[in-house]
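# Secondary and tertiary structure notes
Chain by chain, the residues:
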Amino acid sequence: MRLWLVLAMIAVIGIAHIFLWRSDMPAHLKLTFTLLNVAGWTIVLAPILLIDRWLEAIQRRNSDDHDNVT
């Protein structure tokens, strides 16, 4: 489920960029908006993805420790 949500979000962002680049704005403004968008999504999504991986590692470690206790 999570993979489909990420793929859908990437698709929507990609479509938005296609419409941006096909608009009649000056090229330097398009590039500025694209770079701001990339920076914004990186600031928002990077911590979420990194914390998710960290929590999965902790859960995996805890389940391994629980299985080894007899």
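Below you will find a few notes about this structure. Numbers given to residues run from 1 along each chain, matching the order in which its sequence is written. Per-residue local features of the predicted model are confined to residues with pLDDT of at least 70, and side-chain atom pairs are confined, for both listing and counting, to 80 or more; whole-chain, interface and lining totals are unaffected and use all residues. No hydrogens and no water enter the side-chain calculation; it runs on all heavy atoms of the structure.

## Details of the layout of surface pockets
Definition in use: Put plainly, a pocket is an open set of points on a 1 Å grid over the protein atoms alone with protein on both sides within 12 Å along at least five of seven lines, a cavity is a set where a 1.4 Å probe fits but cannot get out, and a lining residue has an atom within 4 Å of a point. Grid points are joined across faces, edges and corners, and a volume is the space filled by probe spheres set on the points. The helix and strand labels rest on DSSP assignments: H or I over at least four residues marks a helix, E over at least two residues marks a strand, and numbering proceeds from the N terminus. In this classification, the charged set is Asp, Glu, Lys and Arg, the nonpolar set is Ala, Val, Leu, Ile, Met, Phe, Trp, Tyr, Cys and Pro, and all remaining amino acids, among them Gly, are polar.
Its boundaries defined by the atoms lining it, the largest pocket holds a volume of some 230 Å³. Lining the largest pocket, in full, are Arg2, Leu5, Val6, Met9, Ile10, Ile13, Leu45, Ile48, Leu49 and Asp52. Elements supplying a minimum of two residues to the lining of the largest pocket: helix H1 (2-22) and helix H2 (27-68). The leading source of residues in the lining of the largest pocket is H1, at 6 residues. Classifying every residue of the lining of the largest pocket by side-chain character gives 8 nonpolar, no polar and 2 charged.

## Brief notes about the side chain of His17
This is how the line gets drawn: By definition, residues are in contact when any of their heavy atoms lie within 4.5 Å.
Within the secondary structure layout, His17 lies in helix H1. Non-local contacts of His17, meaning those with residues more than four positions away in its chain, are made with Thr34 and Asn37.

## Remarks on the environment of Val12
Tracing the backbone through its elements, the reader meets Val12 in helix H1. Along the chain, Val12 and Arg61 lie 49 residues apart, while their C-alpha atoms are 35 Å from each other.

## Some remarks on the environment of Phe33
Within the fold, Phe33 resides in helix H2. Separated by 13 residues in sequence, Phe33 and Leu20 place their C-alpha atoms 8.6 Å apart. Not counting chain neighbours up to four residues away, the residues in contact with Phe33 comprise Leu20 and Met25.

## Side note on a nonpolar patch on the surface
For the record, the criterion: Only residues whose relative accessible area exceeds 30% and that form no salt bridge enter a patch; like-charged residues are grouped when within 9 Å of one another, and nonpolar side chains (Val, Leu, Ile, Met, Phe, Trp, Tyr) when within 5 Å. The Shrake-Rupley method, run with a 1.4 Å probe, gives the accessible areas here. Residue values count only the displayed protein chains as cover. Note on definitions: salt bridges are taken to be side-chain nitrogens of Lys or Arg within 4 Å of carboxyl oxygens of Asp or Glu. Relative accessibility thresholds used throughout: buried, under 20% of the residue-type maximum; exposed, over 50%; partly exposed, between the two (1.4 Å probe, protein chains only).
A cluster of nonpolar side chains, contributed by Leu3, Trp4 and Leu7, occupies part of the molecular surface with about 380 Å² of accessible area. The topology assignment puts Leu7 in helix H1. According to the relative accessible area criterion, Leu7 is partly exposed, its value standing at 42%.

## A short note on H1
Defined as follows: Given a helix with a known number of residues, its expected span is that number minus one, times 1.5 Å. The reported arc concerns the directions from the helix axis to the C-beta atoms and nothing else.
The end-to-end C-alpha distance of H1 is 30 Å, a good match for the 30 Å that 21 residues give at a rise of 1.5 Å each. Within the span of H1, buried status applies to Ile13, His17 and Leu20. Down the axis of H1, the buried side of the element spans an arc of 55°, and every buried residue falls inside it. Those residues of H1 that are exposed and angled more than 90 degrees off the buried face are Leu3, Trp4, Val12, Phe19 and Arg22.

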